[in-house]
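Structural features, examined
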Amino acid sequence: MTGRRWQRSGQAGACGAEGGRGRRTVPRWAGVGVAVLFGAAGCSGGSGDDTPPGVTAERVCDGALDTAGAKALRRLGGTDRFTELTGTTEAGQPNAFSVARAAKHLHDEVGLRSRCTVYRAGDRSGRPLVELDFKAASRFPGRGTVEKGARDLTYYPLGVLAYTKEANSTSLYFRCPTKGTGNAAAGTTAGTPYVNAGLFSTPARIEGGTSGEDRMTVLNSVSRRLADVLACADEAGLPERVPVPEEPGA
């Protein structure tokens, strides 16, 4: 799987714990080759600079979070200051999220897709608070498949299938016909009827007392913006506010 690489920014020396010591070895996260955010965009300029590091929740993920989504992200992080992954992927694509690029690369491999990787400002652990990914899907799984070995599973009446599983997995499938372009068009000339939106979180980074509903709210918020760009908002089934989750066994 094509991963990401960290690229030193002009501020890395001022903001990194080991600025000026040369290029760092990039560790792997969650087995998918995600680079660590050492040079955080928007970090403090150093001595005498009173500007808080990072940006507000409303500015991450290409500004795609609505009011409810921004509030949910703040609850998840226990802060209002965040940073995103910088640099480029091994495929030469920017790591910074773009709704337009996400829409364009739905049918591509992970290295070309635009993912939103968000960290709490100042967090040097190398593990993101949340990462959002969007890809085309020809079908969505049945509940029997979802429930195999699942713990802490909660369904939400969103799209065609939406659920949170345990403390780190949030999935949302919504109706949105798309076709691949360029290399991604091979084998998908008939297009696909769904988009699979996923949010992956690091439990150790999540603020205590938050819920799966906050994760779903963040994912729904960015998915709504993507559906607008893809002109499928009317059929996506993504309301402005996340409905009350289904009762267990419903």
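Along the chain, Ser114 falls in the loop between α3 (99-104) and β4 (116-120). Here Ser98 takes part through its backbone nitrogen, which lies 3.0 Å from a polar atom of the side chain of Ser114. Each residue touching Ser114, except ones within four places of it in the same chain, is listed here: Ala96, Phe97, Ser98, Arg101 and Ala102.

Two numbers describe how helix α2 (residues 67-77) lies on helix α5 (residues 212-229): the axes approach to 8 Å, and their chain directions differ by 140°. In terms of their interaxial angle, α2 and α5 are classed as oblique. The chirality of how α2 crosses α5 is left-handed. Facing α2, whose interface residues are Ala68, Gly69, Ala72, Leu73, Arg75 and Leu76, α5 presents Asp214, Arg215, Thr217, Val218 and Ser221. Of the residues in the contact of α2 with α5, the class split is five nonpolar, three polar and three charged.

Moving on, we get to the pairing of strand β5 (residues 130-137). Of all the eight residues making up β5, six are buried; the element is thus mostly covered by neighbouring parts of the structure. Where β4 and β5 come together, three bridges link them in antiparallel fashion. Residue Val118 lies in a different strand from β5, and its bridge partner there is Val130. With eight bridges joining them, β5 and strand β9 (residues 192-201) adopt antiparallel strand pairing. Within β9, the position partnered with Ala136 by the bridge is Val195.

Next up on the list: the state of the cysteines. All told, the structure shown has two disulfides when counted by the stated rule. A sulfur-sulfur distance of 2.0 Å marks the disulfide that ties Cys61 to Cys116. Every disulfide takes its handedness from the sign of the S-S torsion; for Cys61 and Cys116 that torsion is -90°, giving left-handed. With Cys61 in the loop between α1 (12-15) and α2 and Cys116 in strand β4, this pair connects stretches of sequence that are 55 residues apart. Residue classification places Cys61 among the buried residues on the basis of a relative accessible area of 2%. What makes Cys116 buried here is its relative accessible area of 0%. The residue that forms a disulfide with Cys176 is Cys232, at a sulfur-sulfur distance of 2.1 Å. Handedness of the Cys176-Cys232 disulfide follows from its S-S torsion of about -90°: it is left-handed.

Let us look at the environment of Ala197. The residue Ala197 is located in strand β9 in this model. Along the primary structure Ala197 and Ser223 are separated by 26 residues, whereas in three dimensions their C-alpha atoms are 7.0 Å apart. For Ala197, the contacting residues outside a window of four places in its chain are Asp133, Phe134, Thr170, Ser171, Leu172, Phe174, Leu219 and Ser223.

On to the packing of aromatic side chains, then. Each pair of aromatic rings is reported with the distance of its centres and the angle of its planes. Summed over all chains, the structure comprises three aromatic pairs. Ring geometry for Phe97 versus Phe134: centroids 6.2 Å apart, planes at 40°, classification tilted. Taken together, the residues Phe97 in the loop between β3 (88-89) and α3 and Phe134 in strand β5 connect sequence positions 37 residues apart. A residue is classified by how much of its surface remains accessible, and Phe97, at 7% relative accessible area, is buried. Taking relative accessible area as the criterion, Phe134 reaches 1% and is therefore assigned buried. With a centroid separation of 5.2 Å and 90° between ring planes, the pair formed by Phe140 and Tyr194 is classed as edge-to-face. In this pair, Phe140 sits in the loop between β5 and α4 (143-147) while Tyr194 sits in strand β9, placing the two residues 54 residues apart along the sequence. The class for Phe140 is partly exposed, based on a relative accessible area of 32%. When its relative accessible area of 11% is taken as the criterion, Tyr194 is described as buried. If you follow Arg143 out to its NZ or CZ, it ends over the ring of Tyr155, 3.8 Å from the centre.

About the cut-offs
- Residues numbered from 1 in each chain as written.
- Predicted model: local features only at pLDDT ≥ 70, side-chain atom pairs only at ≥ 80, totals over all residues.
- Heavy atoms only, no water.
- Helix = DSSP H or I, 4+ residues; strand = E, 2+ residues; numbered from the N terminus.
- Polar contact = N/O pair within 3.5 Å; in protein donor to acceptor, adjacent residues only side chain to side chain.
- Contact = heavy atoms within 4.5 Å.
- Axes fitted to C-alpha atoms, helices over the stretch in contact; angles between N-to-C directions.
- Parallel < 35°, antiparallel > 145°, perpendicular 65-115°, else oblique.
- Left-handed = near helix turned anticlockwise from the far one by under 90°.
- Nonpolar A, V, L, I, M, F, W, Y, C, P; charged D, E, K, R; others polar.
- Buried < 20%, exposed > 50% of the residue type's maximum accessible area, 1.4 Å probe, protein only.
- Pairing = 2+ DSSP bridges.
- Disulfide = S-S within 2.5 Å.
- Phe/Tyr/Trp six-rings, centres within 6.5 Å; stacked < 30°, edge-to-face > 60°.
- Lys NZ or Arg CZ within 6 Å of the ring centre and 35° of its normal.

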